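Okay, here's what each chain looks like letter by letter:
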Amino acid sequence: MEKEKLVIIPTFNEKENMEDMVRAIMGLEGDFELLVIDDNSPDGTAEIVKRLQKEFPERLHLIQRTGKLGLGTAYIEGFRYGLMNGYQFIFEMDADFSHNPQDLIRLYKACAEEGYDLAIGSRYIKGVNVVNWPMGRVLMSFFASKYVQFITGMPIKDATAGFKCYHRRVLQAINLEKIRFIGYAFQIEMKFTAWKLGFKIIEVPIIFTDRTKGTSKMSTHIFREAVFGVIYMKVKSLFVRYRPNRSE
Ligand SMILES: Nc1nc2c(ncn2[C@@H]2O[C@H](COP(=O)(O)OP(=O)(O)O[C@H]3O[C@H](CO)[C@@H](O)[C@H](O)[C@@H]3O)[C@@H](O)[C@H]2O)c(=O)[nH]1
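These numbers come from a predicted model, not from an experiment. In this convention, every chain numbers its residues from 1, walking through the sequence in written order. This being a predicted model, a pLDDT of at least 70 is required before a residue's local features are given, and a value of 80 or more before pairs of side-chain atoms are given or counted; all residues contribute to the totals for chains, interfaces and linings. Note that water and hydrogens are dropped before the side-chain values are worked out from all heavy atoms of the structure.

*Asks:* What am I meant to see in the UniProt feature "domain: Glycosyltransferase 2-like" (unreviewed entry) in the protein here?
*Replies:* UniProt positions are given in the numbering used here, feature names are shortened, and annotations may be inferred rather than shown by experiment. Mapped onto this structure's residue numbering, the UniProt feature "domain: Glycosyltransferase 2-like" (unreviewed entry) falls at residues 7-172. Summarising residues 7-172: 41% helix, 19% strand, and an end-to-end C-alpha distance of 17 Å. Each helix is a run of H or I in the DSSP string that is no shorter than four residues. Each strand is a run of E no shorter than two, and both are numbered from the N terminus.

*Asks:* I'm lost on the site of the ligand in this one. Help?
*Replies:* Surrounding the ligand, one finds 25 residues, the nearest of these being Glu-14, Asp-94, Arg-123, Thr-160 and Lys-217. Polar contact is defined as a pair of N or O atoms within 3.5 Å, subject to the rule that within protein one atom must be able to donate a hydrogen and the other to accept it, and that residues adjacent in sequence are counted only when both atoms are side-chain atoms. With respect to the ligand, the side chain of Lys-68 contributes an N or O atom lying 3.0 Å from an oxygen atom. Between Lys-217 and the ligand, the recorded distance is 2.5 Å, taken from a backbone N or O atom to an oxygen atom. Accessible surface is estimated by sampling points in the Shrake-Rupley manner with a 1.4 Å probe; for residues, cover comes only from the protein chains shown. Its free accessible area being 740 Å², the ligand has 97% of it covered by the protein chains. Within the residue set of the shell around the ligand, elements represented by two or more residues are β1 (5-11), α3 (71-84) and α7 (184-196). Consider each residue's heavy atoms; a residue with any of them within 4 Å of a molecule or strand counts as near.

*Asks:* Sorry if this is basic, but what is going on with the side chain of Gln-187 here?
*Replies:* Relative to the assigned elements, Gln-187 resides in helix α7. Remark: exposure states derive from per-residue accessible area (1.4 Å probe, protein chains only) relative to the maximum for the residue type, with buried under 20%, exposed over 50%, and partly exposed in between. Given the relative accessible area of 4%, Gln-187 is considered buried. Among residues more than four places away in sequence, those in contact with Gln-187 are Leu-71, Tyr-75, Glu-92, Ala-159, Thr-160, Ala-161, Gly-162 and Lys-164. It only takes one pair of heavy atoms within 4.5 Å for two residues to be counted as in contact.

*Asks:* What is the right way to read the layout of surface pockets from this model?
*Replies:* The rolling of a water-molecule-sized probe over the atoms marks out the regions of remaining empty space. Only protein atoms enter the 1 Å grid used here, on which a cavity is any set of points holding a 1.4 Å probe that cannot leave and a pocket is any open set flanked by protein within 12 Å on both sides along at least five of seven lines; residues with an atom within 4 Å of a point are listed as lining. Grid points are joined across faces, edges and corners, and a volume is the space filled by probe spheres set on the points. Roughly 910 Å³ of internal volume is contained in the largest pocket. If you go around the largest pocket, you meet 48 residues; those closest to its centre are Leu-71, Asp-94, Arg-137, Tyr-184 and Met-218. When contributions to the lining of the largest pocket are tallied by element, the ones reaching two or more residues are β1, α3, α5 (135-152), α7 and α8 (220-239). Residue classes follow a fixed rule: Ala, Val, Leu, Ile, Met, Phe, Trp, Tyr, Cys and Pro count as nonpolar, while Asp, Glu, Lys and Arg count as charged, and any other residue, Gly among them, counts as polar. Considered class by class, the residues forming the lining of the largest pocket number 25 nonpolar, twelve polar and eleven charged. Counted as a void, the second largest pocket has a volume near 350 Å³. Considering the residues around the second largest pocket, the lining is formed by 17 residues, among which Asn-175, Lys-178, Lys-236, Val-240 and Tyr-242 are closest to the centre.

*Asks:* Would you explain the sheet that holds strand β4 (residues 89-92) in this entry?
*Replies:* Only strands that DSSP links by at least two bridges are regarded as paired with each other. The strand order across the open sheet built from seven strands is β3-β2-β1-β4-β7-β5-β8, with neighbouring strands paired in mixed fashion. This sheet does not close on itself; its edge strands, each paired only once, are β3 (60-64) and β8 (201-205). Taking the axes of each pair of neighbouring strands and ignoring which way they run, one obtains an average angle of 20° across the sheet. With six bridges connecting them, β1 and strand β2 (residues 33-38) associate as parallel partners. What sits directly across from Ile-8, in β2, is Leu-35. Geometry is summarised by axes, namely lines fitted to C-alpha atoms with helices restricted to the contacting stretch, and by angles between N-to-C directions that run from 0 to 180 degrees. Contacts between helix α2 (residues 45-53) and the sheet are confined to β1, β2 and β3, with β3 contributing the most and set at about 150° to the helix.

*Asks:* Got a minute to help me understand the pattern of salt bridges in this structure?
*Replies:* Salt bridge, as used here, is a side-chain nitrogen of Lys or Arg placed within 4 Å of a carboxyl oxygen of Asp or Glu. Scanning all chains against the criterion turns up 17 salt bridges. A salt bridge links Glu-14 to Arg-211; the shortest N-O distance between them is 2.9 Å. Linking Glu-14 in the loop between β1 and α1 (15-26) with Arg-211 in the loop between β9 (208-209) and α8, this pair joins segments that are 197 residues apart in sequence. The exposure class assigned to Arg-211 is buried, which follows from its relative accessible area of 14%. The structure contains a network of salt bridges with shared partners spanning Glu-14, Asp-96, Arg-211 and Lys-217.

*Asks:* Is there a simple way to explain the environment of Pro-244 in this structure?
*Replies:* Mapped onto the secondary structure, Pro-244 falls in the segment after α8. By relative accessible area, Pro-244 is classed as partly exposed at 40%. With 74 residues separating them along the chain, Pro-244 and Val-170 place their C-alpha atoms 8.8 Å apart. With near-sequence residues (within four places) excluded, Pro-244 lies in contact with Ala-173 and Leu-197.

*Asks:* Would you explain α2 in this entry?
*Replies:* Each turn of an α-helix holds 3.6 residues, which means side chains three or four residues apart point in the same direction. Every buried residue of α2 is listed here: Thr-45, Ala-46, Ile-48, Val-49 and Leu-52. Down the axis, α2 shows its buried residues gathered within 155° of arc, on one side only. Buried-residue contacts for α2 involve β1, α1, β2 and β3. Throughout, the arc means that of the directions going from the helix axis to the C-beta atoms.

*Asks:* What am I meant to see in the packing of α1 against α2 here?
*Replies:* Any two packed helices are characterised by the angle at which their axes cross and by the distance between the axes. At a closest axis distance of 9 Å, the pairing of α1 and α2 adopts a crossing angle of 25°. Compared by their axis directions, α1 and α2 come out roughly parallel. The handedness of the crossing between α1 and α2 is right-handed. Where α1 approaches α2, its residues Lys-15, Met-18, Glu-19, Val-22 and Arg-23 are matched on the opposing element by Thr-45, Ile-48, Val-49, Arg-51 and Leu-52. Taken together, the residues of the contact of α1 with α2 break down into five nonpolar, one polar and four charged. An angle below 35 degrees is treated as roughly parallel, one above 145 as roughly antiparallel, one from 65 to 115 as roughly perpendicular, and anything else as oblique. Take the far helix as your reference; a near helix turned counterclockwise from it by less than a right angle gives a left-handed crossing, and one turned clockwise gives a right-handed crossing.

This is the structure in structure tokens:
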């Protein structure tokens, strides 16, 4: 049977969310599979996943890494796993329920039924759809997207969104070796590269609800990486021609 849908969730210290999130995804209509990429969380997140693997041996997968290596590198590892194992639709999602698992179905339909290559769960299509974030964080995220649009010209309203469905052809075409950022800049870089390669992208409106359990891993380093990373991407794009990768 052809492997179809793989949701990738990177985790670092998500023990309060893990079991509920696994059950939410396993309970969705349409046999979604889940790959958790855990960076040796000291709180034992991976042990929770291992226990649940006994209940969902076919559909719950785990990669354990040796330490906290960043969200971007976790996703790259997940993308390679997804491509190697033949999945058609590969999703990015957070562990903390800020993304509603039910919306995976809407992202999937945008790609599988409406023919988009990349569907982005977007907070800023019409106004701001964020619940429970402090005002400072909402403004920062909203203006970060405006900043990305202004510098790069990329017509995406939620540039740092981390809730997406890729058709596998997008990940095949992107040279994953060359993706260099690890935080919010990683999210921007993936969208920017897909856009430059000419893929059909749609933003699907979602409501983003801040986590009620566990803590954000956002840091000033990640913030700085995004601010300067966008300028780097723009300058690079003036010199480099984007062509589909042939080696994946
Ligand atoms: N494996 C691994 N996972 C990580 C790491 N850092 C964070 N994560 C995981 O990545 C997910 C997102 O991390 P958060 O710390 O919850 O992110 P956030 O600051 O709330 O950021 C959200 O908003 C950003 C800006 O819009 C988004 O870019 C981001 O994807 C996310 O939705 C969570 O599942 C978290 O456990 C890491 O170094 N390694």
